[in-house]
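# Residue-level structure breakdown
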There are 2 protein chains.
Amino acid sequence: MVDASDAVGAAAAAGVLARCRALVRPALADAVGGLHPWTGEMAAFSLGWSDVAGTPDPGASEGKGVRQALAVLGAEAAGADGRVAVAGAVAVELVHAFSLLHDDIMDGDAMRRQRETVWKAYGTGPAVLAGDALFALAVQSLAEAPGEHTGAAVRRLCDTLTDLVRGQAEDLCFEDRPWTGPGAVRPDEYRAMAEHKTGALLGCAAALGALLGGAPEATVTALDRAGRHLGVAFQAVDDLLGIWGDPAVTGKPVHGDLRRRKKTYPVLSALTAGGPAARELAALLETPGAAGDGPDAAGTHGDGTAARAAELVDRAGGRTATLEEARHHLAAARACLHDAPLTPGAAGDLDALVAFLLHRAV
Amino acid sequence: MVDASDAVGAAAAAGVLARCRALVRPALADAVGGLHPWTGEMAAFSLGWSDVAGTPDPGASEGKGVRQALAVLGAEAAGADGRVAVAGAVAVELVHAFSLLHDDIMDGDAMRRQRETVWKAYGTGPAVLAGDALFALAVQSLAEAPGEHTGAAVRRLCDTLTDLVRGQAEDLCFEDRPWTGPGAVRPDEYRAMAEHKTGALLGCAAALGALLGGAPEATVTALDRAGRHLGVAFQAVDDLLGIWGDPAVTGKPVHGDLRRRKKTYPVLSALTAGGPAARELAALLETPGAAGDGPDAAGTHGDGTAARAAELVDRAGGRTATLEEARHHLAAARACLHDAPLTPGAAGDLDALVAFLLHRAV
């Protein structure tokens, strides 16, 4: 798929996502339909199925459904029918929805996919409850799946849930650490955070599918590793877009992550590079205000400072290092997939999905 | 135990609780010790093990540990060694800690057990995360327990988690419903809420112990039912104490639940009783302000109004009905225990615990 044109790749990925969504949706809707009406309404809103009044909203922005697709493809890649993965697919989509919902509370993010976030629309307390309901439903729906592999699947999902919570804890703790010195966040710590926060669930999705499809342990592990590498690559691409992405495409302001003083891979790797640009960048980040363009009341940086910081990150090699990080983990993900004994059709679908997920940015 | 003196009964219950705590604590501490340091600190604070700086605090108010004791006694009642229940005991204590933590956020409660709640001490976002970490750890620690009954135990815990979240949703939704008319909360709806919010986890605790101890399904079900009845009885007693409890004992203001306009069993049953007292109570509750003693800015009632409401609830039969509700469900819980083939020693310990849990108020 890497040799095909962008348009062909995107169409292939869209086809894969649509096919997997059609397979999983009835069970996912069934599960959500069993919730208490109020939490069910918030859950449907968070999934992009309805508006804030609970009215079905086909125009709402729904997630891409990458995790459910990875679960289905994981089963198919192991030679099983994708239908055996449905309980796993439902679980990972619910976990993803739970984690977005609670992370938005913790991060104070008021908008997601061009709509208000659940806490903004319904209040913080109700949003905590809705997240808890999705969390409980995720584990329950997998635990109740028939079949001999359910126990192992639940254990794997539980390990992933603790990884996910750990990744969020790591991310939040990074905010309070210094930019430089012995307490600074090292790039390898950042990578571990990305693996926990993003990679673990992607890996779990594919691994659960394979597991429920009766794949040997080595295949399950290979798919899990591939997903984890994919998560780290995805985070690196997201970090690049957070600084240099086109606001018209990302929906976020130019240099957004620098304005918000986020500790991302480009900045952290630039700071550890040494040299004059790294030193100037450190001084800029450690100075609360700079050249009449200091942080506003929320501690964010203004236009000029953010633009200068972006330039310095680039000059210190942070942009190149992040691109290299993304390429390295994308290659590692593909190597995991290549080395595992996967059925060719599903392996091709997985590759299309991987390319799509990284926006062909690398 | 019902015939023994209060002091003897309390001492017996304290002995049972201490014995079960000693059995479960090492595994519980191990599980919490594996969390990310920050979430681990919040978890230890929420469990009453340490102060807000993370310093061990043996003087802190720890929970009674009723749920871990029920799990251990459930196994012993089935003729097994209490140690087989430890993974279940750890899971239910963690679920209980999670639910208190998140409920305090939703209810806006700033104090618990004479200390600040986690959201008050650490902030709302971190408290959401700490609750998620406890939730994930609860399921993970049970799912990883060895033994042939783990799968069934995990399914039972998951069902309980959805019950628990449903109960909290029901409780929150009651706040927005009218005091009278077709939309009013019926006593049976209130009972279902109490069973979900309080009874399900008590029942699950005892049932998990029996399940892990290899008890037949009928015994597991009987213990679950007993715990559910116990939860409803406990809620009824709690409601009585919330209106007529001695502030010196409860640590809450006199007529506290009436000041906060909480829809509790005494009030709901009084309102459905008919008669002049019920009509006057309805009028009082539905009038925002009354006789220069109206609600303050937070919508709570003042001294005079709350005292008058308490008198009307009593006169309309709400106090008697609630006492009857508590006695009925206590008797039902004991009947479940009596009818099950339990070992005598553990059955006696369970009875001591039941009496203690209800404060001998009934």
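See the structure above.
Throughout what follows, the structure given in this document is the object of discussion. (Residues numbered from 1 in each chain as written. Chains lettered and ligands numbered in written order. Predicted model: local features only at pLDDT ≥ 70, side-chain atom pairs only at ≥ 80, totals over all residues. Heavy atoms only, no water.)

Often, the extent of an interface is quoted as the loss of accessible area on bringing the components together. Facing the 35 residues of chain B at the interface are 35 residues of chain A. The junction of chain B with chain A conceals about 2800 Å² of combined surface from both sides, 77% of it contributed by carbon and sulfur atoms. Remark: the boundary between chain B and chain A carries zero salt bridges. Across the chain B-chain A interface, the total number found is eight residue pairs in polar contact (both at pLDDT 80 or more). Elements that contribute at least two residues to the side of chain B that touches chain A include exactly α2 (37-46), α4 (86-107), α6 (124-143) and α7 (150-174) of chain B. When residues in the side of chain B that touches chain A are grouped by element, the largest group, 13 residues, is from α7(B). Classifying every residue of the side of chain B that touches chain A by side-chain character gives 20 nonpolar, nine polar and six charged. (Contact = heavy atoms within 4.5 Å. Buried area = accessible area lost by both parts, 1.4 Å probe. Salt bridge = Lys/Arg side-chain N within 4 Å of Asp/Glu carboxyl O. Polar contact = N/O pair within 3.5 Å; in protein donor to acceptor, adjacent residues only side chain to side chain. Helix = DSSP H or I, 4+ residues; strand = E, 2+ residues; numbered from the N terminus. Nonpolar A, V, L, I, M, F, W, Y, C, P; charged D, E, K, R; others polar.)

This part covers the packing of helix α3 (residues 66-77) of chain B against helix α8 (residues 187-212) of chain B. Residue and element names in this part refer to chain B. Running from N to C, α3 and α8 point in directions that differ by 35°, and their axes come no closer than 6 Å. Of the two possible hands of crossing, α3 and α8 adopt the one that is right-handed. Of α8, the residues touching α3 (which contributes V66, R67, L70, A71, G74 and A75) are L201, L202, A205, A206, G209 and A210. Residues of the contact of α3 with α8, tallied by class, amount to nine nonpolar, two polar and one charged. (Axes fitted to C-alpha atoms, helices over the stretch in contact; angles between N-to-C directions. Left-handed = near helix turned anticlockwise from the far one by under 90°.)

Bringing the environment of T55(A) into the picture now. Along the chain, T55(A) falls in the loop between α2 (37-46) and α3 (66-77). Through-space distance from the C-alpha of T55(A) to that of H196(A) is 35 Å; in sequence the pair is 141 residues apart.

Moving on to the pattern of salt bridges. Per the stated rule, a full pass over the model turns up 43 salt bridges over all chains. Ionic pairing is found between D224(A) and R228(A), a salt bridge with its closest N-O pair at 3.2 Å. Of this pair, D224(A) and R228(A) both sit in helix α9 (residues 217-244), four residues apart, which is roughly one turn of the helix. The buried category is assigned to D224(A), whose relative accessible area is 12%. With relative accessibility at 16%, the residue R228(A) sits in the buried group. Its salt-bridge partner being D224(B), residue R156(B) comes within 3.8 Å of it at the nearest N-O pair. (Buried < 20%, exposed > 50% of the residue type's maximum accessible area, 1.4 Å probe, protein only.)

Turning chain B through 180° and shifting it by 0.0 Å along the axis lays it on chain A, with an RMSD of 0.0 Å. The superposition operator between the copies reduces to a two-fold rotation axis. Proximity to the rotation axis, assessed at the C-alpha, singles out G151(B) in chain B; its C-alpha lies 3.0 Å from the axis. Both copies contact each other with a shared surface, as 100% of the interface residues of chain B are interface residues in chain A too. (Least-squares fit on C-alpha atoms with pLDDT ≥ 70 in both.)

On to the packing of aromatic side chains, then. Counted under the stated rule, the structure contains nine aromatic pairs over all chains. Arranged with centres 4.5 Å apart and planes meeting at 45°, the rings of F98(B) and F135(B) form a pair that is tilted. Placement of the pair is F98(B) in helix α4 and F135(B) in helix α6, with a sequence separation of 37 residues. With respect to burial, F98(B) and F135(B) carry one shared label: buried. An aromatic cluster is present here, built from F98(A), F135(A), F98(B) and F135(B) joined pairwise through their rings. Over the ring of F45(A) we find R115(A), and its NZ or CZ is 4.1 Å from the ring centre. Above the ring of W179(A), the side-chain terminus of K263(A) is found at 4.7 Å from the ring centroid. (Phe/Tyr/Trp six-rings, centres within 6.5 Å; stacked < 30°, edge-to-face > 60°. Lys NZ or Arg CZ within 6 Å of the ring centre and 35° of its normal.)

Moving on to α3(A). Residues and elements named next belong to chain A. The terminal C-alpha atoms of α3 lie 16 Å apart, and with 12 residues this matches the ideal 16 Å at 1.5 Å per residue to within 8%. A large share of α3 lies buried, amounting to 12 of its 12 residues. Burial in α3 covers these residues: V66, R67, Q68, A69, L70, A71, V72, L73, G74, A75, E76 and A77. On the buried face of α3, the contacting elements are α1 (6-33), α4 (86-107), α8 (187-212), α9 and α16 (344-357). Note on α3: the residue one or two positions beyond its end, G79, has a positive phi of about 90°. (Expected span 1.5 Å × (residues − 1).)

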